[in-house]
Amino acid sequence: MRIINTDLIRGKVKELCLELAYKMSDDLKASLERGRSQECTYLGRQVLAMLLENGERAEEQQIPLCQDTGMVFVYLELGQDVHLEGPFVGDAVNQGVREAYEEGYLRKSMVDPITRANTKDNTPAQIQIEMVPGDGARLSVLLKGFGSENMGRVRMLTPSAGVEGIVDFVLDTVREAGGNPCPPLVVGIGIGGSMDKSAAMAKKALFRPLGERSPDPFLKELENRLLREINETHVGPMGFGGEITGLEVFIEKFPTHLAGLPVAVNLNCHSLRRKTIEL
Amino acid sequence: MNYNPIKETKQDDKEEVIRLNLPLTDRQRSSLQAGQMVYLTGTLYTARDQAHLRMLQEIREGKELPIPLSEAGIYYCGPTPARPGNLVGSIGPTTSSRMDKMTVPLLEKGLKLMIGKGKRSPEVVKAIAEQKALYLSAIGGAGALYAGCITAMEPVAYEDLMAEAVYRIEVKDFPAVVSVDSSGNTIF
Ligand code: SF4
């Protein structure tokens, strides 16, 4: 049995929130650079160049990449042979978030849904703990801005809608969102399961390294096709029109009920701030 | 969307840079066209959801607004807190469509310039054309870059709203794209 003190989790959550807010990940940088070299509109190239420069300045001057430093999602995959000690893990995660947002001068965006009163420390984080075999522990953190979260969709398609129904739904979602979710986008898609399962898969898919494709040959093809068709919408960088609307499409699937075909689309803006580490 | 890949490919990156001082004259506004990139220098005011609600309330009550609408450009944003020693934190645009329902009364009261991100409702586009106003898009998610364009910042109203308060900001070479021009043409 392996023992992990939850104070380690608090510290790592804090560290990741700070790193993600200020530092553009290497895979995102490479992807934006590739996009810039492929974009053939003047405005599109200007936008992509500015986003890359934004990344450099943010890191150099320790200014957040985007003023919407997001809602925090924390995923903890815990081995069955791990024993946690110390303060309750949920409190430890929220304490890490609190410290990062206060000490890092990040924007506190969490409010009561009805009164709109701000919780003043960006908590609570959305925490998901999953048990896995073995004694490993893996921590994933996502800072999600709401310009893009607001444009996500879940639809309960009928089974007869099939693959074409899924493709149409994804493309409609991207087109209707236009410039609001700050394209170029990373698109997470969950197919199957239930309403909530599809949405959870769509979000979790955003953690996949940019450039990687699904190991499932059919999904891999569908990812390639959707990326191509998303770019053919010509929404373009920031919705100004152009070639590069999507950077990546990541699809996850899960068996569903014979009477249903749930599909969720989670749009992430170009400011993709997520990282996974092993504890 | 007026997107023509073949025409666009021919443009080069040496396109003429348009620099403008704020407030814009009627003539400057009417000469700008959807799709042009401009660099602004001068005064802007920040306002987003809650500040808009309060301004509308003041209009209904016949009170004077805290900002001079006819010369004021409104920048829809909610920055991060500044680090000690810094003027401002990350300060990119927020989604404009959330302000759509509150925009027409401000245009009718003389507002001429708005900056945010994403498209506007047909009602707002129509009112922009009627009032010969202008809507620009700033580059969403480029908050650190925009921080470098701000040379002064002070709160002018609704300070209790914190990040959502109205601030007067001085900007220098602030990049934005004409997205609804004064004839009502849009880039989206
Ligand atoms: S959608 Fe993303 S990049 Fe755009 S403002 Fe929101 S968090 Fe920032």
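Residues numbered from 1 in each chain as written. Chains lettered and ligands numbered in written order. Predicted model: local features only at pLDDT ≥ 70, side-chain atom pairs only at ≥ 80, totals over all residues. Heavy atoms only, no water.

1. Considerations on the interface of chain B and chain A
One frequently used descriptor of interface size is the decrease in accessible area upon assembly of the parts. Keep this limit in mind: The contact rule is simple, with two residues in contact once any of their heavy atoms fall within 4.5 Å. Two parts placed together each lose some accessible area under a 1.4 Å probe, and the buried area is that loss summed for both. A pair is scored as a salt bridge if a Lys or Arg side-chain nitrogen falls within 4 Å of a carboxyl oxygen belonging to Asp or Glu. Counting of polar contacts relies on pairs of N or O atoms within 3.5 Å, with two restrictions inside protein: one atom must be capable of donating a hydrogen and the other of accepting it, and residues adjacent in sequence are counted only when both atoms are side-chain atoms. Only DSSP runs of H or I with at least four residues qualify as helices, and only runs of E with at least two residues qualify as strands; both kinds are numbered from the N terminus onward.
Listed per partner, the contact involves 47 residues of chain B and 42 residues of chain A. The junction of chain B with chain A conceals about 3600 Å² of combined surface from both sides, 60% of it contributed by carbon and sulfur atoms. Taken together, the connections running from chain B to chain A amount to zero salt bridges. Taken together, the connections running from chain B to chain A amount to 14 residue pairs in polar contact (both at pLDDT 80 or more). Of all the secondary structure elements, the ones that give two or more residues to the side of chain B that touches chain A are α1 (5-10), β2 (37-46), α6 (143-147) and β7 (166-180) of chain B. The element that contributes the greatest number of residues to the side of chain B that touches chain A is α6(B), accounting for five residues.

2. Regarding the domain arrangement of chain A
Residues and elements named next belong to chain A. Rule in force here: An automatic or database domain assignment supplies the residue ranges for each domain.
Along its sequence, chain A is carved into domain 1 (2-23 + 65-144) and domain 2 (146-272). For domain 1 versus domain 2, the distance between C-alpha centres works out to 25 Å. A per-residue breakdown of the area domain 1 buries against domain 2 is headed by Tyr75, Leu142 and Lys144, which together make up 56% of the total. Taken together, the links from domain 1 to domain 2 amount to two salt bridges. With its nearest N and O atoms 3.0 Å apart, the salt bridge here joins lysine 144 to glutamate 149. Linking domain 1 with domain 2 are five residue pairs in polar contact (both at pLDDT 80 or more), by the criterion used here.

3. Notes on the site of the ligand
Counted only if it meets this: Put simply, a residue is near a molecule or strand once any heavy atom of it comes within 4 Å of that molecule or strand. Charged residues are taken to be Asp, Glu, Lys and Arg, nonpolar residues to be Ala, Val, Leu, Ile, Met, Phe, Trp, Tyr, Cys and Pro, and polar residues to be all remaining types, Gly included.
Surrounding the ligand, one finds 13 residues, the nearest of these being Cys66(A), Cys182(A), Cys269(A), Arg273(A) and Gly141(B). Per-class residue counts for the shell around the ligand are four nonpolar, six polar and three charged.

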